[in-house]
There are 6 protein chains.
Amino acid sequence: MKFDEAYSGNVFILSNPDFEESDVVIYGMPMDWTVSFRPGSRFGPARIREVSLGLEEYSPYMDRHLEEVKYFDAGDIPLPFGNPQRSIDMIEEYIDGLLEKGKFPLGLGGEHLVTWPILKAFHKKYDDLVLIHIDAHTDLREQYEGELLSHSTPVRKACGLLGAENVYSFGIRSGMREEFQFAKDSGMHLYKFDVAEPLKKVLPDLAGRNVYVTIDIDVLDPAHAPGTGTAEAGGITSKELLDAIMMIADSDMKVVGADLVEVAPAYDPTEKTQIAASKFIREILLGWTNKK
Amino acid sequence: MKFDEAYSGNVFILSNPDFEESDVVIYGMPMDWTVSFRPGSRFGPARIREVSLGLEEYSPYMDRHLEEVKYFDAGDIPLPFGNPQRSIDMIEEYIDGLLEKGKFPLGLGGEHLVTWPILKAFHKKYDDLVLIHIDAHTDLREQYEGELLSHSTPVRKACGLLGAENVYSFGIRSGMREEFQFAKDSGMHLYKFDVAEPLKKVLPDLAGRNVYVTIDIDVLDPAHAPGTGTAEAGGITSKELLDAIMMIADSDMKVVGADLVEVAPAYDPTEKTQIAASKFIREILLGWTNKK
Amino acid sequence: MKFDEAYSGNVFILSNPDFEESDVVIYGMPMDWTVSFRPGSRFGPARIREVSLGLEEYSPYMDRHLEEVKYFDAGDIPLPFGNPQRSIDMIEEYIDGLLEKGKFPLGLGGEHLVTWPILKAFHKKYDDLVLIHIDAHTDLREQYEGELLSHSTPVRKACGLLGAENVYSFGIRSGMREEFQFAKDSGMHLYKFDVAEPLKKVLPDLAGRNVYVTIDIDVLDPAHAPGTGTAEAGGITSKELLDAIMMIADSDMKVVGADLVEVAPAYDPTEKTQIAASKFIREILLGWTNKK
Amino acid sequence: MKFDEAYSGNVFILSNPDFEESDVVIYGMPMDWTVSFRPGSRFGPARIREVSLGLEEYSPYMDRHLEEVKYFDAGDIPLPFGNPQRSIDMIEEYIDGLLEKGKFPLGLGGEHLVTWPILKAFHKKYDDLVLIHIDAHTDLREQYEGELLSHSTPVRKACGLLGAENVYSFGIRSGMREEFQFAKDSGMHLYKFDVAEPLKKVLPDLAGRNVYVTIDIDVLDPAHAPGTGTAEAGGITSKELLDAIMMIADSDMKVVGADLVEVAPAYDPTEKTQIAASKFIREILLGWTNKK
Amino acid sequence: MKFDEAYSGNVFILSNPDFEESDVVIYGMPMDWTVSFRPGSRFGPARIREVSLGLEEYSPYMDRHLEEVKYFDAGDIPLPFGNPQRSIDMIEEYIDGLLEKGKFPLGLGGEHLVTWPILKAFHKKYDDLVLIHIDAHTDLREQYEGELLSHSTPVRKACGLLGAENVYSFGIRSGMREEFQFAKDSGMHLYKFDVAEPLKKVLPDLAGRNVYVTIDIDVLDPAHAPGTGTAEAGGITSKELLDAIMMIADSDMKVVGADLVEVAPAYDPTEKTQIAASKFIREILLGWTNKK
Amino acid sequence: MKFDEAYSGNVFILSNPDFEESDVVIYGMPMDWTVSFRPGSRFGPARIREVSLGLEEYSPYMDRHLEEVKYFDAGDIPLPFGNPQRSIDMIEEYIDGLLEKGKFPLGLGGEHLVTWPILKAFHKKYDDLVLIHIDAHTDLREQYEGELLSHSTPVRKACGLLGAENVYSFGIRSGMREEFQFAKDSGMHLYKFDVAEPLKKVLPDLAGRNVYVTIDIDVLDPAHAPGTGTAEAGGITSKELLDAIMMIADSDMKVVGADLVEVAPAYDPTEKTQIAASKFIREILLGWTNKK
């Protein structure tokens, strides 16, 4: 029996203790300072890790095993409470560092605003980046209640940064009239309600492209993911999201980074939201980070 | 900054403060005195309003905005605790008043018995009224445990009042053998298990008719609506109910009133039941109350 | 009004008080001693009975009434806490007794290991027994953390006992690579992800066979059954499981016993898991135990 | 191993299966039809029984064992949903029967209105009855929202029936101004906030009297009993209520009947309310029903 | 029956609809942007109002009735999400307005930082203001994680503004070593663990002074108030806090304003935290706002 | 910003990463295999660590700071599920190791049976060991349901091992008649109901003795610690337990090891049980492990 080291910590199952030899870095962004309705996603990353202990290391979907991927779990970036500007600066700097070292960044939110600094960092490295955005909400606001930095604005900002024509949204079932109008006018690609079906059609067009994928857990119906800040009825099942993850794994795109955001455990006493999220992370590790 | 009036109250989002200029009246019926298994729907109306703050005012399903409809939220009728007879008398009188003033009554329950006095009031105004009943349960009992006034009896009473051939039930997956037998013998229209598919077939037959629609939230599977008194496995998704609401909006019937009942928040710590209900109310406001 | 006997007890709705004249015996196995992630299924049987009071006695799926079946609810076998070996010995002895008296054993778990002693007892009586196993997990481990007696091993043991070619698993979406490899190598029949569709294909092959059916509630998606120890995203709906139960009822197999396991109520404050389970038990009583 | 009888039912621990040879009858009154704020006490009796399995049969407070008392658990009287008048008639008739047979009635509520018919039955047998009422609320209203039959009125009715001077209330911390005024004017004995201390002073005066004791669980602080319909901050601890029960056990009064009401399990996911209630019932059985 | 106005809104029970004729203004500050451990107090004000419906309007503690006080419930100030600086500016401006109109401001938090702008506004009007601070935490940090605006700093700021010798803290059981050291060095008055006893000693010294009182609900033990962001074991009972409120009501100080903060409903499924808070507000209305 | 090491793990706040230079070792025993009523304490150690992040590092009770103590958090011993015998062998071996290396073992349970192997290890080193046992339950059974290894037996076993006269139990409020009789006959010291008061009297007698202290969280009232398997009404407050911890810190005994057991988080959605437990651990670290 060992004595001089701890038996376990709260890390994603089977993560590699060595940063240098890892290809992927899982990192948490425990931030929910701009969330309007029900905050709490700052605890998402820790709980997703915690329930990963209940996962099998093998995926019958992919027929792959987590041993085939080398990933390091970096814990949560220590973001300053209540300060969105400094938080997003820290995230951008962190991603800059990971990209410089050639790692695949796999982020756990936290609110959706965190994707904005991530994209800024990726944009410096990849000038033709495509964004795949899977979400219940458009997130296309210019501002929210007078704030430019809000969980409702990151995709709008992304359109400005990457070019609207490089932004693809799927599963959208909520937003302001102006946001849907912007989507039409700007030339971005917005698919309402469904994910798997429109994705299937779009993927061939994206062959060979460098793609960042951001998944807001609230694209799932509240039946499947009640633990989120802005649960919206009429969503997809976790089975459908697993299908979408498989499709991307099987596609000819080059996924260069990804995140899964808005898991807010306090609203789900059954823990099923984080249980699903942690399975999605396993599949992303297996299918996206070591694509041939 | 204002000082002499309150910043907000618990009303459905964007409701009009002026009764006279409103076309629709949202009203609550906080009653659950005859509920057998798990009471608590008396708190449904208040919680549906409360979570409406999390809704967008625009519907991407309808491409309409709540500003296009004028509705007044009248709060909850002050029904006397534990007194079914007086409660239903008050509801009937209330609906009489709304119909006299030419309003579209949009009711929030409360237990399903509340639909009975509503129908009595409508029947006085519309002698050819059709009832569309979307529910997990037949509600066709003559009495329940010896009580004539019960949440299990309103549709049976409706058959007597409106003529069984004018009553259409959808999504039914629970009831007594006698109730299903009655449905067959009486000539009413009862569709088991599904809602959208049989509704699609029936709607053309109802073109031009005056129709009242009552939705029991338990038609949804408990995965989607656990917050209800008699949750019954094997139900439809909230996506399917949204589809049904769209179909009715697109039909050639004349919807003259509607209610949504049996939301019992205490049984759903995730709040997803009222979150779904409040979205259905938005779609009903947009699609049913201002049909051309 | 009666005075000298109790008005009710916690038994499955409409169960017959007379053991001798009953054809079916419902019995509970309140055991979860080998469960790794989240224990608590020892309370499953009691809660399934408790919510059965909310069920109708008539099934619109089957068009049958519980009065048509004679079943005795034997309560829970008093298994010794924390002692898997003695517990499974007691279960085997209990089933031996029921089979000797010609009863149909309908078991409520408890963890899935309980199926192992049940199968041992059945195997003594039926030498050509087929096992239908509906579950999210393979349960094909040889051992778990060094333990031979584990909730992860019963189907592996069953393959040894009954012959792998007589074991059919459906709905499987989690397991070790070795388990899936064993399934392939051994000649057992393992169908991933879905239940109803592969079952439909297989059932004709099993016509005339004596079949035992074990259902792990976690085959349902956590949206439908969060109250279980190892909830796994991406599962089937309760509607689909009802369909599967109907198919078996309509098949030409001879169902000789069944169990429903792994309901752990503490993880589901909405009670929907036991509400669904209790409906499945009603349908099993109506469709499997009195097949012509 | 036995086969022909059930292993257990949901009865209070160690209750005697034989009505005739029992001295005490535990009975439930699953009624909450007149409860205004948060209903749900109809499930109180069943849950109190359920958690009694976690109790020891021996009391270190009393140094007595439940084997020393003979009590029969009659289950719940089947009260008609939503009908207060018929419900209280049935309760009165039931208590008439128990008193005729010389049993000690020990009731489990249910809402507090149930005490009214119980007192009517006792009054027929004991013309000098004293009522000890332990509660957070005065329950001295003449009517509630126009209803004469309400959970807010039983003690007022009791004053009329038994004579106000024979009514003693303890622990009261909520009521209308008129109720406190009535208490003063009528000559009844009302002690605010505390229970044990004023009880100690009063008990000697009641030596030799026939006394009925009714305990509303909400006399406990919500810290100790959140599972009740009208939780009121500032209450006593469960330790203090145990002390009060001991004092009554040690007094020279003759306790002829008792009830414990208003346990509403749905509001307490920790189950501590019913856990405390079931301990109080054990102590009452040991200390009050077999006083020398 | 009325039709043209709503039956109710979510306002504190019996509040006066007329701002001008009211002496007291209840207002909410739905802000928790700087909360580190468990956010959610932004929903505190709405839930305190909601459960006020379960309160009696009369207090047996004070022998007073809410009709004796004229108060207007202004709803929640619409604070901008995630922007502490703008939020506190708005609060200060709001209080400036109330004080100018001669109202007694009675605030509902929200996080404790809200007290800082309130004190700034009061300080402009009262140059000798005393602060009574009832809390589990010192809140004496100069900054928190680098942020000057934090829920951990308001009392430190108050010491600078009002003079440390005018600041009295009670019930403190958590803080950094530096904070306790500051309390000693600065000359402020800090009483550990208890509230009622040290308050009793201090109150005579404050006779005639203008006093603002801020209560952090977490001064209560988590047994009494689990619904708060930084629950800390070892606290006082709600009975003790009621005693403290009475003492202040009976004192010779002039209370000129008050707030109750940090009620975070999501962490308390039993609702007992807001139930207690709403009772404290009633007692404050009765005892502090209309002192002779 | 660092990249090559994780930002955090789930360890007790401020624990030292270096085993060798630490004086104290915190270790978890995630075992609940013999728990009868409500299992789940296997998750206690992880949750106690998790909420330790909400604690201050400084104690105003002790006027000490966690920096003054060197402790290593070893994580949870990987005990084999469902195997009590092997689990307790592993624990004994682990403690043997810690004692050999001169560490102070501070254990987190897990069920109370874990204290038995710990005591066996300590007994080998200290032949005059005294046991202080703070608990709601006697834990003096010879066996439980036929099992010698049970969470109800460890103190009985301790009496055999250490001599009954060296065993002191406090706060006991539940047990079998035979257990209380054994306590009397054997000469052990059992104090009912209270902890602080009898402890104060006893401590001088134990001056200079080597003492092991085991605390079962259920000694607290369920108001303070609902998250435990066998919650028992009528317990002490967390304030009282903090007092007892201070008394032991101030005594002249030599505390050589300690544990805190039976925290079962699933039964406490408010998390107050683990919040209290984690504060107790801080006080034990500060007051017991570095006594002069």
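Since the model is a prediction, treat every value here as computed from it, not as a measurement. (Residues numbered from 1 in each chain as written. Chains lettered and ligands numbered in written order. Predicted model: local features only at pLDDT ≥ 70, side-chain atom pairs only at ≥ 80, totals over all residues. Heavy atoms only, no water.)

### What to know about the sheet that holds strand β5 (residues 104-109) of chain A
Residue and element names in this part refer to chain A. Applied cut-off: When DSSP finds two or more bridges between a pair of strands, those strands are recorded as paired. Strands are runs of DSSP state E lasting at least two residues, helices are runs of H or I lasting at least four, and both sets are numbered from the N terminus onward. For helices, the fitted line uses only the C-alpha atoms of the stretch in contact; every axis is such a line through C-alpha atoms, and the angle between N-to-C directions lies from 0 to 180 degrees. Here, residues are in contact when the closest pair of their heavy atoms is within 4.5 Å.
Sheet architecture is open: eight strands sit in the order β4-β1-β5-β10-β9-β6-β7-β8, paired in parallel fashion. Looking along the sheet, the strands with just one partner apiece sit at the ends: β4 (71-76) and β8 (189-192). Between one strand axis and the next, the sheet turns through 15° on average, direction left out of account. In the sheet, strand β7 (residues 167-172) pairs with β8 via four bridges, with the strands oriented parallel. By the bridge assignment, Ser-169 is partnered in β8 with Leu-190. Helix-sheet contacts for helix α1 (residues 44-51) involve β1 (24-29), β4 and β5, and the interaxial angle to β5 is about 105°.

### Comments concerning the interface of chain C and chain D
How big an interface is tends to be stated in terms of accessible area lost as the parts join. Operational definition: By buried area we mean the combined loss of accessible area, with a 1.4 Å probe, across both parts when two parts are placed together. Salt bridge, as applied in this entry: a Lys or Arg side-chain nitrogen positioned within 4 Å of an Asp or Glu carboxyl oxygen. Any pair of N or O atoms that falls within 3.5 Å is considered a polar contact. Within protein, one atom must be able to donate a hydrogen and the other to accept it, and sequence-neighbouring residues count only if both atoms are side-chain atoms. Throughout, the ten residues Ala, Val, Leu, Ile, Met, Phe, Trp, Tyr, Cys and Pro are labelled nonpolar, Asp, Glu, Lys and Arg are labelled charged, and all others, Gly among them, are labelled polar.
The interface is formed by 28 residues belonging to chain C together with 28 residues belonging to chain D. At the boundary of chain C with chain D, total buried surface from both sides reaches about 2,200 Å², with 65% on carbon and sulfur atoms. For the interface between chain C and chain D, the tally reads four salt bridges. Its salt-bridge partner being Glu-271 of chain D, residue Arg-47 of chain C comes within 3.3 Å of it at the nearest N-O pair. At the surface where chain C touches chain D, the tally comes to four residue pairs in polar contact (both at pLDDT 80 or more). Among the elements of the structure, α1 (44-51), β4 (71-76) and α2 (84-100) of chain C are those that each provide at least two residues to the side of chain C that touches chain D. Within the side of chain C that touches chain D, the residues separate by chemical class into 12 nonpolar, five polar and 11 charged.

### Quick look at the pairing of strand β10 (residues 254-261) of chain D
Residues and elements named next belong to chain D. Formally: A simple rule labels every residue: compare its accessible area, found with a 1.4 Å probe on the protein chains alone, to the largest value its type can have, and call it buried under 20%, exposed over 50%, or partly exposed in between. When the strands point away from the viewer and the path from the first strand over the helix to the second turns clockwise, the crossover is right-handed.
The buried fraction of β10 amounts to seven of the eight residues, a majority that puts the element mostly inside the structure. Sheet topology note: the strand β5 (residues 104-109)/β10 ladder contains three bridges and is parallel. Across the sheet, the residue bridging to Leu-106 is Ala-258, located in β10. In this fold, the crossover linking strand β9 (residues 210-216) to β10 by way of helix α7 (residues 238-250) has right-handed handedness.

### Overview of the UniProt feature "binding site: Mn(2+)" (unreviewed entry) in chain A
Residue and element names in this part refer to chain A. Threshold: UniProt positions are given in the numbering used here, feature names are shortened, and annotations may be inferred rather than shown by experiment.
Within this structure's numbering, the places UniProt gives as "binding site: Mn(2+)" (unreviewed entry) are His-112, Asp-135, His-137, Asp-139, Asp-216 and Asp-218. A stretch of 107 residues holds the annotated residues, and the largest C-alpha distance among them is 12.2 Å, short enough that they meet in one place. Within the secondary structure layout, Asp-135 lies in the loop between β6 (130-134) and α4 (154-162). Here the side chain of Asp-135 touches His-133 through a polar contact of 2.9 Å, side chain to side chain. Inspection of the secondary structure puts Asp-218 in the loop between β9 (210-216) and α7 (238-250). Among the residues examined, Asp-218 registers a relative accessible area of 1% and is labelled buried. With near-sequence residues (within four places) excluded, Asp-218 lies in contact with Asp-135, Ala-136, His-137, Arg-173, Thr-228 and Thr-230.

### What about the pattern of salt bridges?
Per the stated rule, a full pass over the model turns up 96 salt bridges over all chains. For the salt bridge of Arg-141 of chain F with Glu-179 of chain F, the shortest nitrogen-to-oxygen distance reads 3.5 Å. Residue Arg-141 of chain F is found in the loop between β6 (130-134) and α4 (154-162), and its partner Glu-179 of chain F is found in helix α5 (residues 177-186); the two are separated by 38 residues along the sequence. By the burial criterion, Arg-141 of chain F is buried, and Glu-179 of chain F matches it. Each member of the salt-bridge network shares a partner with another, and the members are Glu-92, Asp-96, Lys-120 and Lys-124 of chain A.

### Points about the relation of the copies chain C and chain D
Where we set the bar: Copies are brought into register by a least-squares superposition over C-alpha atoms of residues with pLDDT of at least 70 in both.
Mapping chain C onto chain D leaves a residual RMSD of 0.0 Å; the transformation is a rotation of 180° accompanied by 0.0 Å of translation along its axis. Both copies of the chain, as the preceding transformation shows, are related through a two-fold rotation axis. Of the residues that chain C buries at the interface, 100% are likewise interface residues in chain D, meaning the two copies contact each other through the same surface.

### Some thoughts on unusual backbone geometry
For the bond running from Gly-109 of chain A to Gly-110 of chain A, omega is 10°, close enough to zero to count as cis. Counting through the fold element by element, Gly-110 of chain A comes out in the loop between β5 and α3 (115-125). Even without being glycine, Asp-139 of chain B reaches a positive phi, approximately 55°. Considering the arrangement of structural elements, one finds Asp-139 of chain B in the loop between β6 (130-134) and α4 (154-162).

### Details of the confidence of the model for chain A
Close inspection of predicted coordinates is inappropriate in any region flagged by low pLDDT. Threshold: By definition, pLDDT measures how confident the predictor is in each residue, and it falls between 0 and 100.
Per-residue confidence for chain A gives a mean pLDDT of 93; residues scoring 70 or more make up 98%. Predicted as a complex, the structure gets a pTM of 0.92 and an ipTM equal to 0.93.

### Quick word on the interface of chain C and chain A
The interface of chain C with chain A comprises 27 residues on the first partner and 23 residues on the second. For the pair chain C and chain A, the summed buried area comes to about 2,000 Å², and 55% of that belongs to carbon and sulfur atoms. Per-residue buried area on chain C facing chain A is highest for Phe-37, Arg-177 and Ala-233 of chain C; these three make up 28% of the total on that side. Inspection of the region where chain C meets chain A yields four salt bridges. Lys-279 of chain A is paired through a salt bridge with Glu-232 of chain C; the nearest N and O atoms lie 2.8 Å apart. At the boundary of chain C with chain A, the tally comes to 11 residue pairs in polar contact (both at pLDDT 80 or more).

### Brief notes about the side chain of Thr-270 of chain A
Within the fold, Thr-270 of chain A resides in the loop between β10 (254-261) and α8 (272-287). There is a polar contact of 2.5 Å between the side chain of Thr-270 of chain A and the side chain of Asp-268 of chain A. The residues touching Thr-270 of chain A, leaving out its near neighbours within four places in the chain, are Arg-38, Pro-226, Tyr-267, Asp-268 and Pro-269 of chain C.

### A closer look at α4 of chain F
Residue and element names in this part refer to chain F. Buried residues of α4: Pro-154, Val-155, Lys-157, Ala-158, Cys-159 and Leu-162, and no others. Tucked inside the fold, the buried residues of α4 contact α3 (115-125), β6, β7 (167-172) and α5. Just downstream of α4 lies Gly-163, where phi reads positive at about 95°.

### Let's talk about the sheet that holds strand β6 (residues 130-134) of chain D
Residue and element names in this part refer to chain D. Ordered by their spatial adjacency, eight strands build an open sheet running β4-β1-β5-β10-β9-β6-β7-β8, and the pairing between neighbours is parallel. Looking at strand neighbours, the two that pair on one side only are β4 (71-76) and β8 (189-192), the edges of this open sheet. In this sheet, neighbouring strand axes are inclined to one another by 15° on average, regardless of whether the strands run parallel or antiparallel.

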